[in-house]
Amino acid sequence: MSQVSSLPRNGAATGAFFMIVASLAFAGSNLLQSALPTPVEYGGFGMSSTGMAFWQYVIASVLALPLILRIGLGNLRTSHPITHEIRAFASALGVHVFVYGFATGVPIWQMVTLLATGPLFIILGSTLFLGERASAARIGAALVGFAGAIIVSGVGAEGLTSSTLVPVIAAALWATTDVLTKYLSKQGESPETLTISLLVLVTPNHLLILLAVWALGIGAPGLLPAGLADNVFALPGGTALLLLVLLGALTAAAQYLLAVAYKAADATYLQPFGDLKVPLSGLLGWFFLSQVPSVWFWPGAALILAASTFIFWVESNQRRTLSMA
């Protein structure tokens, strides 16, 4: 039986809708992750990127407490604790790699567009480990989205640099998280369990990563704070604190929406819709941070949007055809 025909009624449209809303939340998160660690002299708030990532998920976990109480702690029990932990560690490490790119001054539109390499990792993982069928349409949409990301990033003009590799590594780590999310969904885990388990486990993993970096003495811009207690655990004040709380709220919302989307439809089908955060993030960075995209941003973004529209149209038609057969 094909993956399309196995989706629940209206599963494709429901999954696409929640993935698009999640993309909006992720775009807002990307904007704040870029603005908070930017030095004050450049119009930012000068927050340590490592501290920002840590508090982002502490706040998200706190905001998730009402949801924990509403669904009941009994619903958080799982028979896959190790898988949940690996998923949380990959997610936390991906965040630190990603915000490190912002700390080194890479503009938001370039950082986020290179995340469009993610679908290739998603398809590989979903095919090899989940047994999902990677149709020609899905592979084609992923390749078109990847081509759009390459056009926007300017890799062809500037060459492959360490800065361009940062979001690619983050994309691979988050693809691991996505594949594990889908795997756990297939094992019967609810969106609530997937969301809360990630939010509860990811904060200790953020702390573990920070302590490991500090203990090993790894120095890198925005990665290793000058003093652990003074920089990593220090909360900002005023507007920066409000933005940090908003970042935590968007993080919690995005993860929940993502889990609901994956419950409705499979990973390889949904991933092109996740690429919508690329043009959305670029536009937000342009409007709020004055990070003007290159001229190649527009054709690249158009390719990404075309890939999302195409895969939705193809698989929606297939599902209608199968339902009438």
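Presented here is an overview of the structure given in this document. Remember, predicted model here, so these are calculated numbers, not experimental data.

### Regarding the overall build of the protein chain
Then, in step 1: Each helix and strand counted, the protein chain has 16 helices and zero strands in total.
Then, in step 2: Looking at the protein chain as a whole, 54% of its 325 residues are labelled buried.
Then, in step 3: Expressed as a percentage of contacts within the protein chain between residues at least 6 apart in sequence, the contacts between residues at least 24 apart total 85%.
Then, in step 4: By element, 71% of the accessible surface of the protein chain is carried by carbon and sulfur atoms, the whole surface being about 14000 Å².

### Remarks on the nonpolar core
Then, in step 1: Formed by 25 residues in total, the largest nonpolar core has its most connected members in Leu36, Met52, Trp55, Leu199, Leu244 and Leu247.
Then, in step 2: Every element with two or more residues in this core is listed here: helix H3 (49-63), helix H5 (81-103), helix H11 (191-216) and helix H13 (238-264).
Then, in step 3: For this core, the element with the highest residue contribution is H3, accounting for eight residues.
Then, in step 4: Leave out the neighbours within four places in its chain, and methionine 52 touches Leu32, Gln33, Leu36, Pro37, Met47, Val99, Leu244 and Leu247.

### As for a nonpolar patch on the surface
Then, in step 1: Taken together, Leu283, Trp286, Val292 and Trp298 make up a surface patch of nonpolar side chains, about 390 Å² in accessible area.
Then, in step 2: The residue tryptophan 298 is located in helix H16 (residues 297-324) in this model.
Then, in step 3: Residue classification places tryptophan 298 among the partly exposed positions, given a relative accessible area of 42%.

How each quantity is defined
- Residues numbered from 1 in each chain as written.
- Predicted model: local features only at pLDDT ≥ 70, side-chain atom pairs only at ≥ 80, totals over all residues.
- Heavy atoms only, no water.
- Helix = DSSP H or I, 4+ residues; strand = E, 2+ residues; numbered from the N terminus.
- Buried < 20%, exposed > 50% of the residue type's maximum accessible area, 1.4 Å probe, protein only.
- Contact = heavy atoms within 4.5 Å.
- Areas by Shrake-Rupley, 256 points an atom, 1.4 Å probe, with all protein chains shown as cover.
- Core = buried A, V, L, I, M, F, W, Y, C linked by side-chain atoms within 4.5 Å.
- Patch = residues over 30% accessible without salt bridge, like charges linked within 9 Å, V, L, I, M, F, W, Y side chains within 5 Å.
- Salt bridge = Lys/Arg side-chain N within 4 Å of Asp/Glu carboxyl O.

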